[in-house]
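Geometric and topological summary
The chain contents come next:
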Amino acid sequence: MSETRSDGELLRAIAADADRRAFEELYRRFAPWLSARLRGRCSDAGIVDDVVQETFLAVWRGTARYREEGDVAGWLWRIGSRRLVDALRGDGARGRLRQTLARLRHRDEASAEERVLAGVEHGDLAGALTRLSPELRAVLQATVIDGLTTREAAVLLGIPPGTVKTRALRARKQLREALA
């Protein structure tokens with residue numbers, strides 16, 4: 001009977017030796033959990049499966065490097081959630097959202113969602129987001145896009161929960177000013 005390796009040992013074996021057994025064990029350990037978490041953010045099972053595969057491919061190919069900071073689950077979640085956001089961006093997701101909104105809306109007035117999407121298309125929101133500092137953008141991504149709680153975002157970003165709250169308030173204030 002073989003000894004169970006820690007998550008860190010598995011990642012070191014994958015990075016150093018391209019150890020296929022270590023990779024398979026890591027995948028068995030975390031893929032179901034990552035899939036379940038991503039399904040909470042996206043109901044399209046095909047997209048979720050693709051994102052899980054892309055996440056583990058990044059680990060295997062070494063394009064995602066674990067720096068021995070925090071737990072492995074949080075690190076994998078960070079990779080997977082960013083890949084999910086990338087998968088949902090673009091005309092496909094935006095077009096599906098517009099179609100859904102058009103079916104639900106029964107008046108001629110533009111909905112709040114459509115006004116936000118129009119701002120994104122014309123660069124208003126995107127430009128305002130790029131002008132935020134990386135620290136403020138990271139907090140917004142964790143709390144708004146990834147849907148993490150303040151405590152989860154604090155663990156993910158390695159900062160105190162109070163700092164997450166302060167940065168979120170500053171980011172929202174700067175966005176309001178930029179979009180006004």
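Note that this is a predicted model, so its numbers are computed, not measured.

Here the focus is the packing of aromatic side chains. Considering all chains together, one arrives at four aromatic pairs under this definition. With centroids separated by 6.3 Å and ring planes inclined at 75°, the aromatic side chains of Phe23 and Phe56 adopt a geometry described as edge-to-face. Of this pair, Phe23 sits in helix α2 (residues 20-39) while Phe56 is found in helix α3 (residues 45-61), placing the two residues 33 residues apart along the sequence. Phe56 matches Phe23 in its accessibility class, with the two residues each being buried. For the ring pair Tyr27 and Phe56, a centre distance of 4.9 Å and an interplane angle of 70° mean the geometry is edge-to-face. One end of the pair, Tyr27, is in helix α2; the other, Phe56, is in helix α3, and 29 residues separate them in sequence.

Looking at the protein chain, the pLDDT average stands at 79 and 76% of residues meet or exceed 70. Averaged over each element, pLDDT in the protein chain is lowest for helix α6 (residues 112-121) (53) and highest for α2 (93).

The subject of this paragraph is the pattern of salt bridges. Scanning the model with the defined rule gives five salt bridges in all. Asp7 serves as the salt-bridge partner of Arg29, at 2.5 Å between the closest nitrogen and oxygen. In this pair, Arg29 sits in helix α2 while Asp7 sits in helix α1 (residues 7-17), placing the two residues 22 residues apart along the sequence. A relative accessible area of 29% places Arg29 in the partly exposed class. Across the pair Lys173 and Glu177 runs a salt bridge whose closest N-O atoms are separated by 3.8 Å. A residue pair is termed a helical-turn pair when its members lie 3 or 4 positions apart in one helix, as Lys173 and Glu177 do in helix α10 (residues 161-179) at four residues.

Now for unusual backbone geometry. Non-glycine residue Ala18 carries a positive phi angle of around 50°. Of note, Ala18 is situated in the loop between α1 and α2. Judged by its relative accessible area of 45%, Ala18 falls in the partly exposed class.

Moving on, we get to the nonpolar core. In this structure, Leu26, Leu38, Phe56, Val72 and Trp75 are the most contacted members of the largest nonpolar core, which totals 35 residues. Within the residue set of this core, elements represented by two or more residues are α1, α2, α3, α4 (72-88), α8 (134-145), α9 (150-157) and α10. Discounting residues that sit within four places of it in the chain, Val72 has contacts with Asp7, Gly8, Leu11, Leu26, Phe30 and Tyr66. With six residues, the next largest nonpolar core counts Leu132, Leu136, Leu140 and Leu175 among its residues.

Here α3 contains 17 residues, and its C-alpha end-to-end distance of 24 Å stays within 8% of the 24 Å for a straight helix at 1.5 Å per residue. Those residues of α3 that fall on the buried side of the exposure criterion are Ile47, Val48, Val51, Val52, Thr55, Phe56, Ala58 and Val59. Taken down its axis, α3 places every buried residue within 160° of arc, on the same side. Structurally, the start of α3 carries an N-cap: the backbone nitrogen of Gly46 is 2.9 Å from a side-chain oxygen of Asp44. In the stretch just after α3, Gly62 is the one whose phi turns positive, near 85°.

Cut-offs used in this document
Position labels on residues start from 1 in each chain and follow its written sequence. Local features in this predicted model are restricted to residues whose pLDDT is 70 or higher, and side-chain atom pairs enter the listing and the counts only when it is 80 or higher, whereas totals over whole chains, interfaces and linings include all residues. To get the side-chain values, all heavy atoms of the structure are used, and hydrogens and water are removed first. Pairing of aromatic side chains here covers Phe, Tyr and the six-membered ring of Trp, requires ring centres within 6.5 Å, and sorts the geometry by plane angle: under 30 degrees stacked, over 60 edge-to-face, intermediate tilted. Helix and strand definitions here come from DSSP, where helices need a minimum of 4 consecutive H or I residues and strands a minimum of 2 consecutive E residues; each element is numbered from the N-terminal end. Categorising residues by exposure relies on relative accessible area from a 1.4 Å probe, with only protein chains included: less than 20% of the type maximum marks a residue as buried, more than 50% marks it as exposed, and the intermediate range marks it as partly exposed. Residue-level confidence of the predictor is summarised by pLDDT, bounded by 0 at the bottom and 100 at the top. Within this document, salt bridges are pairs made up of a side-chain nitrogen of Lys or Arg and a carboxyl oxygen of Asp or Glu, the two lying within 4 Å of each other. By convention a nonpolar core is built from buried Ala, Val, Leu, Ile, Met, Phe, Trp, Tyr and Cys residues, the set being connected through side-chain atoms within 4.5 Å. Here, two residues are considered to be in contact whenever any of their heavy atoms come within 4.5 Å of each other. Here, expected helix span is obtained from the residue count minus one, scaled by 1.5 Å. Comment: arc refers to directions from the helix axis out to C-beta atoms. Polar contact is the term for a pair of N or O atoms within 3.5 Å; when the atoms are in protein, one must be able to donate a hydrogen and the other to accept it, and sequence-neighboring residues count only if both atoms are side-chain atoms.

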